[in-house]
Structure formats: structure tokens, C-alpha cells
Amino acid sequence: SDCVSAIYYVSKGLKRASEEWNSREEVKDGDEPGYGYGIICCAMRMIYKQLSPYYRSLCALHEHEPMRKKVAYASRALVASAVFARDEL
């Protein structure tokens, strides 16, 4: 999915930057701090169908659900994507 791809490429870039920085002599000698990273994924609290094709499909699929449930579904999907990206890529 687009979400998993975005998390993957962000992680890949941060990993490359981390490895590049941490391979410097100043870091190895302890004169500069090492670089580590993490990714925080945040779900949106408000969605609407015009926001993206994903939200258009989600809203259509759950057209009779209240918006708070649609937001909850989208939030759970983000969590699943983030966990997949972390564990499988």
C-alpha cells in the first residue's frame, strides 16, 4: 500500500543517514554523539472522501457508519500498515 511504501522509504533514508553519520571517526571516537531514529505514525482525527482515493473508498464502503467509526477504521488500518512495515520490510 502507499502507506507501507511511505514508511519503508522514510525508514530506508533514515537508516542510510544513521549509518553514514555513525561511521564517522568523530562518532566512533566518542567526540560526537551517535545517531538513532524512530518513526512515529499518527492517524488523522478528521477525514473526508475528497481527501484521497483511499478515504473515498473507505467512506463509500462504510457509508452508513458514523464518521467516528470511519476514522477508527482508518486508524486501525494505519496501525496494521505500520506494524507490517516494521516487521516485514
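What this report covers is the structure whose coordinates are included nearby. (Residues numbered from 1 in each chain as written. Predicted model: local features only at pLDDT ≥ 70, side-chain atom pairs only at ≥ 80, totals over all residues. Heavy atoms only, no water.)

## Regarding the nonpolar core
- If you look at the biggest cluster of nonpolar residues, it comprises five residues: Ile47, Tyr55, Leu58, Val71 and Ala74.
- Counting residues per element, the ones that place at least two in this core are helix H3 (53–61) and helix H4 (67–88).
- Those residues in contact with valine 71 that lie beyond four places of it in its chain are Met44, Arg45 and Ile47. (Core = buried A, V, L, I, M, F, W, Y, C linked by side-chain atoms within 4.5 Å. Buried < 20%, exposed > 50% of the residue type's maximum accessible area, 1.4 Å probe, protein only. Helix = DSSP H or I, 4+ residues; strand = E, 2+ residues; numbered from the N terminus. Contact = heavy atoms within 4.5 Å.)

## Describing the pattern of salt bridges
- For the coordinates displayed, the defined rule picks out two salt bridges.
- In this structure, arginine 24 engages glutamate 26 in a salt bridge whose closest nitrogen and oxygen atoms are separated by 3.0 Å.
- The closest approach of N and O atoms between arginine 86 and aspartate 87, which form a salt bridge, is 2.6 Å. (Salt bridge = Lys/Arg side-chain N within 4 Å of Asp/Glu carboxyl O.)

## Topic: the environment of serine 5
- With respect to the element layout, serine 5 can be found in helix H1 (residues 2–22).
- Here serine 5 falls in the partly exposed class, since its relative accessible area comes to 35%.
- Between the alpha carbons of serine 5 and alanine 85 there is a distance of 8.0 Å; along the sequence they are 80 residues apart.

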